[in-house]
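Remarks on the overall topology
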Amino acid sequence: MDSYLIQVNGPGDHAPLLDVHLKTNGNSMSLGKVKGRKPRWAVRASEMSKKTFNPVRAIVDSMKVEPNPKKAMISLSLGDPTVFGNLPTNDEVTRAVKEVLDSGRYNGYAPSVGYQSCREAVAAYYNCPEAPLEAQDIILTSGCSQAIELALAVLANPGQNILVPRPGFSLYKTLALSMGIEVKLYNLLPEKSWEIDLKHLESLVDEKTACLIVNNPSNPCGSVFSKSHLQKILAVASRQCIPILADEIYGDMVFADCKYEPIATLSTNVPILSCGGLAKRWLVPGWRMGWILIHDRRDIFGNEIRDGLLRLSQRILGPCTIVQGALERILHQTPPEFYHNTLSILKSNADLCYAALSAIPGLQPVRPAGAMYLMVEIEMEHFPEFENDVEFTERLISEQSVFCLPATSLALLSSVNVLH
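What you see as residue numbers is a count from 1 along each chain, following the sequence as written. Two thresholds apply to this predicted model, a pLDDT of at least 70 for residue-level local features and 80 or more for giving and counting side-chain atom pairs, whereas whole-chain, interface and lining totals are computed over all residues. As a convention, hydrogens and water are excluded, and side-chain values are obtained from all of the structure's heavy atoms.

**Describing the side chain of Ser218**
By the element assignment, Ser218 lies in the loop between strand S9 (209–215) and helix H8 (227–240). Think of it in three bands: residues with accessible area under 20% of the maximum for their type are buried, residues over 50% are exposed, and the middle band is partly exposed, with areas taken using a 1.4 Å probe on protein chains only. The class of Ser218 is buried, set by a relative accessible area of 3%. A contact between two residues is defined here by any heavy atoms of the two lying within 4.5 Å. When near neighbours in sequence (up to four residues on either side) are disregarded, Ser218 contacts Ser223, Ala371 and Tyr373. Helix and strand labels come from DSSP, where a helix needs a run of H or I of at least four residues and a strand needs a run of E of at least two; each type is numbered from the N terminus.

**What to know about the pairing of S9**
Each regular strand shows side chains that alternate between the opposite faces of the sheet. Burial analysis of S9 places seven of its seven residues in the buried class, the great majority of the element. Paired strands, as defined in this entry, are two strands with at least two bridges between them according to DSSP. As defined by bridge partners, strand S6 (residues 161–166) adjoins S9 across three bridges and the pair is classed as parallel. What sits directly across from Ile162, in S9, is Cys211. In this structure, S9 lies alongside strand S10 (residues 244–247), joined through four bridges in parallel fashion. Looking at S10, one finds that Asn215 is bridged to Asp247. With strands facing away from the observer, any crossover in which the path from the first strand over the helix to the second runs clockwise is taken as right-handed. In the classification by handedness, the crossover that spans S9, the intervening H8 and the parallel S10 is right-handed.

**So, the packing of aromatic side chains**
Pairing of aromatic rings covers Phe, Tyr and Trp, the last through its six-membered ring, and needs centres within 6.5 Å; plane angles under 30 degrees mean stacked, over 60 mean edge-to-face, and all others mean tilted. All chains considered together, the criterion is met by 10 aromatic pairs. Taken together, a centroid distance of 5.9 Å and an interplanar angle of 85° make the contact between Trp282 and Tyr339 edge-to-face. Placement of the pair is Trp282 in the loop between strand S11 (272–277) and strand S12 (290–295) and Tyr339 in helix H11 (residues 336–358), with a sequence separation of 57 residues. Look at Trp282 and you get buried, because its relative accessible area is 1%. By relative accessible area, which is 13% here, Tyr339 ends up buried. Ring centres of Phe386 and Phe392 lie 5.5 Å apart, and the angle between their planes is 75°; this geometry places the pair in the edge-to-face category.

Nothing here speaks to function; it is geometry throughout.
As structure tokens, this is what we get:
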């Protein structure tokens, strides 16, 4: 076998270019100049990872407080209805998934936007004369959080800004900042059951505003916007020519004295990407099944937004195929009494929390109208031993083993999640 020698010519130990020669049996063959790397490790975190920050997790994870060992922990800090096991999904939902799994027909890759039949099922479930939908208007995603991520990514570029509710779901800001998108916070008004301060909202709009996020029913406020208020929001978006990203994951999860109006059913010209999923209404957040409903009756989005969503969906090749296979049955065969029973439990617990907290001097809860949350203002003059809501939350954990979410992470007031 021929022997060979690699000869490296260049100044110093770390020459940017290496002059490589091969010698075999005395014959020299030059391969010329090739680019090389400096022989040292230089692995750094990406700029996107450095820009990613979840304020809720930062506060929750930084708390070094031990609960009272004499009292069982009650964790009300996350919007997960499954935590305590008293809100299970319906048996029909479970059977649908079991039968799909046993069939062996959904073990492979699906189209990145979801199976056609599953998109048709979602379109049929949400279709109505006021906001018609077809399969081509549906993008299936890995949970509602991915639906929000795709919607933000297709609507906004780095350097642009989006309008986000305050207080609001922290994920909006987390996703936007990681993408280099500026976040402008518009105020919600607690004295008006958390309606949007429309004057403040419109004052934030500029030439770089890419979209308006509307969360209804609200996380973390538990509020539900009236039809007239939604129409006023649409009027602002129409005047300013701003598309809406509607986070409607809690759609239809409203109490009996309230009515939920999907914002797209009230829009005649504002294009809307409505994000939803199975997580909350069907009580299966871990199944990671969400969707985007594209409402664009004036063809303002055109093919560009649809094509963009398709390309973005191809980054992870869609949601779980097993759940997709069961989706039509879940949507169309879950018995109505299941939804009614879930809302009855949430309403009774919301009423209980509201009544109990209202009786405590210094705490001012705002009555929720839906979802699974309740916001509470702490009048700090009644609690001079605490400097802020974070300290109040920490003492609540250490003394009573009750974990609520301080609204410092949500930018306004103090919050208590009503989960069960």
